[in-house]
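Structural characterization, general
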Amino acid sequence: QVQLVESGGGVVQVGGSLRLSCVASGIAFNRYTMNWYRQAPGKQRESVAGITDTGTTSYLDSVKGRFTISRDNAKNTVYLQMNSLKPEDTAIYYCNARNLIPFRNFWGQGTQATVSS
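Predicted model only: the values in this text are computed from it and were never measured. (Residues numbered from 1 in each chain as written. Predicted model: local features only at pLDDT ≥ 70, side-chain atom pairs only at ≥ 80, totals over all residues. Heavy atoms only, no water.)

1. Focus: the environment of S47
Counting through the fold element by element, S47 comes out in strand β5 (residues 46-51). A relative accessible area of 34% means that S47 is categorised as partly exposed. The contact partners of S47, leaving out residues within four places of it in the chain, are W36, Y37 and L60. (Helix = DSSP H or I, 4+ residues; strand = E, 2+ residues; numbered from the N terminus. Buried < 20%, exposed > 50% of the residue type's maximum accessible area, 1.4 Å probe, protein only. Contact = heavy atoms within 4.5 Å.)

Shown next, in the form of structure tokens:
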């Protein structure tokens, strides 16, 4: 019943931008911390950005100043605006929804972002 559906990936040149979207259903969206993770081939999955139910944001150091996470609770959607993209940003980006009490953790299917050099 729970679904997280990402979109917005694609291929861009170095310095370009992408906006990723994740639409959630089947959860009380406004109570969840929403996160973006990414995984490059042969690399560990890493947390890119998070936004709490109250709007507090956090970012991976390497994307600070370039990426912005936001949410629209009326649309059950979380966004990741990615600017000034670098080849190192190439990865599959996954949407994650997390609640601590009670503990819940859900994942989307991922969307590919490729930054060409």
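Picking up after the structure, the text goes on.
2. Regarding the nonpolar core
Core analysis: the biggest nonpolar cluster contains 27 residues, and M34, W36, V78, L80, M82 and Y93 have the highest contact counts within it. Those elements giving two or more residues to this core turn out to be β3 (18-25), β4 (33-39), β5, β7 (67-72), β8 (77-82), β9 (91-99) and β11 (111-116). V78 has contacts with L20, S21, C22, F29, M34, W36, I51, I69, S70, R71 and C95, leaving out every residue within four places of it along the chain. (Core = buried A, V, L, I, M, F, W, Y, C linked by side-chain atoms within 4.5 Å.)

3. Examining the pattern of salt bridges
Where side chains of opposite charge bring their charged atoms close, a pairing between them can arise. Tallying each qualifying case throughout the model produces four salt bridges. Close ionic contact of D61 with K64 constitutes a salt bridge, the shortest N to O distance being 2.9 Å. Salt bridges linked by common partners bring R38, E46, R66 and D89 together as one network. (Salt bridge = Lys/Arg side-chain N within 4 Å of Asp/Glu carboxyl O.)

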